[in-house]
Amino acid sequence: MWRSLYGPTSYLSFLALFFLMPIAARAQQGAAQNPIKDGLPLNDIRLDRKVDVEGVGIPIAQLLQKMSSNGLQLVADKSCAEQKLQLRLHHCPLRSLMHALAVLLPAHWEPLENHSGYQLILNAEAVTAERRWWDIFLDVRRTAEQTIQAAFLTAMQTTTPHPGPQPPPGFKFLFSPKETQQFLNALPLDLQQRIAQTFQIENIVDLYTLHSSGILMNTILGGTESEPDSVVIPLASLPLAAQNIVRIHQEQNGISLPDNAVLVCHADLTGIAIVIPGPNGAGSSGIFQREVSIPPATDHSLWLGQAGLPDEVKQLGGAAPADLKELARYQESRFWPNPKPSDPTALRPLPFNRADVLNWLGQRADIEFISDYYDKGGIPFHPQAPVKQPIDDSINDIAWGLDFSWKKEGDIYLFRNNRWYRDDQLQVPEVLAQQLLAQQKDLLPPDANDPKATVEWLGRVGQLLANLSPWQIANGFRWLTKERLSANINTDPVHPLANFSLQTMLNRYPFCQLADVVLGERVLAQFVAALTPEQKQQLVQGVLPFDSLSPALRQVATYLSPGVTAAVILKQQPLLLGIAHRPFGAGYTLAASVGIASR
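An account of the accompanying structure is given in this report. None of the values given here were measured: they were computed from a predicted structure. The residue numbering used here restarts from 1 in each chain and proceeds along that chain's sequence as written. Only residues with pLDDT of at least 70 are given local features in this predicted model, and only at 80 or more are side-chain atom pairs given and counted; all residues enter the totals for whole chains, interfaces and linings. Hydrogen atoms and water are omitted, and side-chain values are computed over all heavy atoms in the structure.

## Re the overall build of the chain
Where helices and strands are cited, they refer to DSSP runs of H or I of at least four residues and of E of at least two residues respectively, numbered from the N terminus. Scanning the chain from N- to C-terminus turns up 21 helices and 19 strands. Per-residue accessibility, obtained with a 1.4 Å probe over protein chains only, is compared with the maximum for each type, and a residue is labelled buried under 20%, exposed over 50%, and partly exposed between these values. In the chain, which comprises 599 residues, the share counted as buried stands at 47%.

And the structure:
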């Protein structure tokens, strides 16, 4: 009995328990003496040193490298390495800086191997929230695209002519609204569908910014200057009713059409345009233009600036789609809860550059702060007026006017963009941003009549901007600046806009206007950048053989140029490519000709 209860095995277990209990107790006591906050042990004396840091637009990875020392390595995970910051900290414990960063993002710290330091990692819920917004946003746009394409199809099938536009005096090439509607009605259904489907919302991005008057503005970019991805159809392939409308109109206006005449059909936010190219593809000898009313195109859910979306969703009530309701919740969300100002004027959007405002706030109120930073433009702001007291009330008013949230951690104020989930994907990585600013002159368009310089410029643009999305070009690239804080101090405390002018903006943001040019040339620039040096030289001379291109580049060429598409359809051989001005709008396109390539 005794041996069965207290045999050798049980006895050893008892001895082990007897001796290990004190060890476990000591371990628990040690853990209690070494608590962890944000993943940082409080007894790590390496984090107690004081640091001084001021700057604007510093990526977290660069900041942590600067804060590292021989005995401490601080690194950022790729999830937050590119996040840029604006800081003003003096004699601040490194631990306080690290804790503030974790709260700001939000993120957490994890120890590196061998206790050599720590890594900052964005919290999973933040990653998910950002991805979720973009997934919903792009899904809503794709759904709207289908709705808009259906509107184009309906416009082509209705028998009632649209009232405009009327041909200006002397412009005989423009068909009347009645002729236009009769022509569209005569097109076969499959061709009507193809024309409607040329509207691709992914080719249309928008710039979200503030006007100098403080009015929120959405500027829709793309989709109207060029005609990529058009439907090109030989006139002779159309039903006789459609052909006759074209031929009779042209004959009445003294225009002779060649046997191989083609029509270039395209739909964008302005409506449907069908162009009959002129001789050798230059200009036009006839245009059908059908304006189409597209209500969804003005829907706030389709564009970056969604300030009006919550009101739209409220008006729809229970009929509002679930996706729009979720986007509206995002728009109404604040990173941290801050009380609404009692003064309604404080709720109006402020047009000023946020970095300027925070710099003024830090200096005038003498506060320590860490803020996220985004290249978003804004009017220069550097008045000499003091900050109104109490300071927290002034900060709260400014936060609502500039759409950011704030809180205080110890002695450090934290400022976080409420639209961080959107704006993270609009920024240019800092290394590339500095490269672009250093090569600013190389990005300026050359003389319009110099094909060699044009091709070289397109190649440079295609290489430098190859990894940027249209959203990044329209927004982050546009607002890149070496002068992240205004250098021109306005001494007038009452009229902070006294010295503001458009030239002031252009001086501070050198790519402000160039971004529009680059957006219009983005696909062509990528095409040119992918060519070999020999092919670029042939393109300059107008003798680049279409057959020498890879299948992928042939597809891009036909996407870019209706003239190339027409030549392919008509089986013109050998087909040679050159660079030319667009027949409509600014910029360049590919020109097609038939000849013998020179070697």
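## Re the sheet that holds strand β4 (residues 73-76)
The pairing criterion for strands is at least two bridges between them, as found by DSSP. Reading across the sheet, the three strands line up as β4-β7-β6 and stay open at both edges, with mixed pairing between neighbours. At either margin of the open sheet sits one strand with a lone partner, and together these are β4 and β6 (107-111). Averaged over neighbouring strand pairs, the angle between their axes works out to 25° when direction is ignored. One ladder, built from five bridges, connects β6 with strand β7 (residues 117-122); its direction is antiparallel. Opposite Glu-110, over in β7, you have Gln-119 as the bridge partner. Pairs of residues are marked as contacts when any of their non-hydrogen atoms sit within 4.5 Å. Note on method: axes are straight lines fitted to C-alpha atoms, helices fitted across the in-contact stretch only, with angles between N-to-C directions ranging 0 to 180 degrees. Sitting on the sheet, helix α4 (residues 94-104) is in contact with β4, β6 and β7, with an inclination near 130° to β6.

## A word on the pattern of salt bridges
A side-chain nitrogen of Lys or Arg and a carboxyl oxygen of Asp or Glu constitute a salt bridge if their distance falls within 4 Å. Within the structure shown, the criterion is met by 19 salt bridges. The closest approach of N and O atoms between Arg-484 and Asp-375, which form a salt bridge, is 3.6 Å. Taken together, the positions of Arg-484 in the loop between α16 (470-477) and α17 (502-508) and Asp-375 in the loop between β14 (368-373) and α12 (391-401) put the pair 109 residues apart, joining distant regions of the chain. A salt bridge links Arg-478 to Asp-516; the shortest N-O distance between them is 2.7 Å. You can see Arg-478 sitting in the loop between α16 and α17 and its partner Asp-516 sitting in helix α18 (residues 514-529), a full 38 residues away along the chain. Residue Arg-478 is classed as buried on the basis of its relative accessible area of 3%. The structure contains a network of salt bridges with shared partners spanning Lys-84, Asp-375, Glu-430 and Arg-484.

## Here's the deal with the nonpolar core
Counting 135 residues, the largest nonpolar core has Phe-183, Ile-370, Phe-477, Phe-527 and Leu-577 as its most contacted members. Think of a nonpolar core as a cluster: buried Ala, Val, Leu, Ile, Met, Phe, Trp, Tyr and Cys residues, connected wherever their side-chain atoms sit within 4.5 Å. Ranked by size, the runner-up nonpolar core spans 19 residues in total, among them Ile-367, Ile-379, Phe-381 and Ile-395.

## Some words on the pairing of strand β11 (residues 262-268)
With seven of seven residues buried, β11 is to be regarded as a mostly interior element. Taking every second residue as pointing to the same face, both faces of β11 are buried, with Val-262, Val-264, His-266 and Asp-268 on one and Leu-263, Cys-265 and Ala-267 on the other. Pairing analysis gives five bridges linking β11 to strand β12 (residues 271-277), with the strands arranged antiparallel. The residue of β12 that forms the bridge with Asp-268 is Gly-271. Between the end of β11 and the start of β12, which pair antiparallel, lie two residues.

## What to know about unusual backbone geometry
Negative phi is the rule for most residues except glycine; trans is the rule for most peptide bonds. For the bond running from Gln-389 to Pro-390, omega is 0°, close enough to zero to count as cis. In the segment running from Gln-573 into Pro-574, the intervening peptide bond is cis, with an omega of -15°. In this structure, Pro-574 sits in the loop between α21 (562-569) and β18 (575-581). In this structure, His-91 is a non-glycine residue whose phi angle is positive, near 55°. Mapped onto the secondary structure, His-91 falls in strand β5 (residues 84-93). Non-glycine residue His-115 carries a positive phi angle of around 55°. Its place among the elements puts His-115 in the loop between β6 and β7.

## A short note on the packing of aromatic side chains
Centre distance within 6.5 Å is the pairing criterion for rings of Phe, Tyr and Trp, where only the six-membered ring of Trp is used; planes under 30 degrees apart are then read as stacked, over 60 as edge-to-face, and the remainder as tilted. For the structure on display, the rule yields 21 aromatic pairs. Taking 3.8 Å as the distance between ring centres and 25° as the angle between the ring planes, the aromatic pair formed by Phe-175 and Phe-288 counts as stacked. Taken as a pair, Phe-175 in the loop between α5 (124-157) and α6 (177-186) and Phe-288 in strand β13 (residues 284-291) lie far apart in primary sequence, 113 residues in all. Each member of the pair, Phe-175 as well as Phe-288, is classed as buried. Here Tyr-413 and Phe-415 contribute two aromatic rings whose centre-to-centre distance is 6.4 Å and whose plane-to-plane angle is 20°, an arrangement assigned as stacked. Ring pairs connect the aromatic residues Trp-133, Trp-134, Phe-137, Tyr-330, Phe-335, Trp-336, Trp-420, Tyr-421 and Trp-471, which therefore count as one cluster. Note that Arg-416 overlies the ring of Phe-335, its terminal NZ or CZ placed 5.2 Å from the centroid. Remark: a charge is flagged as sitting over a ring if the NZ atom of Lys or the CZ atom of Arg is within 6 Å of the ring centre and within 35 degrees of the ring normal.

## Here's the deal with the side chain of Arg-354
Along the chain, Arg-354 falls in helix α11 (residues 354-365). Judged by relative accessible area, Arg-354 falls into the buried class, the value being 15%. Arg-354 has contacts with Ser-371, Asp-372, Tyr-373, Tyr-374, Leu-402, Phe-404, Arg-416 and Asn-417, leaving out every residue within four places of it along the chain.

## Side note on the packing of α5 against helix α7 (residues 189-196)
For the pair α5 and α7, the least separation of the axes is 8 Å and the interaxial angle reads 140°. As summarised for this structure, α5 and α7 are arranged oblique, according to the angle between their axes. For the element pair α5 and α7, the recorded crossing hand is right-handed. On α7, the residues that touch Gln-149, Phe-152, Leu-153, Met-156 and Gln-157 of α5 are Leu-189, Gln-192, Gln-193, Ile-195 and Ala-196. Of the residues assigned to the contact of α5 with α7, the class counts are six nonpolar, four polar and no charged. For classification purposes, angles smaller than 35 degrees are called roughly parallel, those larger than 145 roughly antiparallel, those between 65 and 115 roughly perpendicular, and all remaining angles oblique. Put simply, a crossing is left-handed when the front helix is turned counterclockwise from the back one by less than a right angle, and right-handed when it is turned clockwise. Each residue is assigned to one class: nonpolar for Ala, Val, Leu, Ile, Met, Phe, Trp, Tyr, Cys and Pro, charged for Asp, Glu, Lys and Arg, and polar for all the others, Gly among them.

## Digging into helix α20 (residues 551-560)
Spacing of three or four residues puts side chains on the same side of an α-helix, whose turn is 3.6 residues. Considered for burial, the residues of α20 that qualify are Leu-553, Ala-557 and Leu-560. Along the long axis of α20, the arc covered by the buried residues comes to 70°, so they all point the same way. Of the residues in α20, the exposed ones pointing more than 90 degrees away from the buried face are Pro-551, Ala-552 and Gln-555. In this context, the arc is that of the directions from the helix axis out to the C-beta atoms.

## Re the side chain of Asp-375
Residue classification places Asp-375 among the buried residues on the basis of a relative accessible area of 2%. Those residues in contact with Asp-375 that sit more than four places away from it in its chain are Lys-84, Gln-427, Asn-475, Gly-476, Trp-479, Leu-480 and Arg-484.

## Structural notes on helix α15 (residues 451-464)
Over its 14 residues, α15 extends 20 Å from the first C-alpha to the last, a length consistent with the 20 Å expected when each residue adds 1.5 Å. Among all positions in α15, only Ala-453, Thr-454, Val-455, Trp-457, Leu-458, Gly-459, Val-461, Gly-462 and Leu-464 are buried. For α15, the elements touching its buried residues are α14 (430-438), α18, α19 (533-541), β18 and β19 (588-594). Residue count minus one, scaled by 1.5 Å, sets the expected span of a helix.

## Regarding the sheet that holds strand β17 (residues 544-545)
A sheet is described by the order of its strands in space; here three strands give the open sequence β17-β18-β19, paired in antiparallel fashion. The sheet is open, and its two borders are formed by β17 and β19, each paired with just one other strand. In the packing of α15 onto the sheet, the strands contacted are β18 and β19, and the crossing angle to β18 comes to about 90°.

## Considerations on the environment of Glu-312
Topologically, Glu-312 is positioned in helix α9 (residues 309-316). The class for Glu-312 is partly exposed, based on a relative accessible area of 24%. Separated by 13 residues in the primary sequence, Glu-312 and Lys-325 place their C-alpha atoms 9.7 Å from one another.

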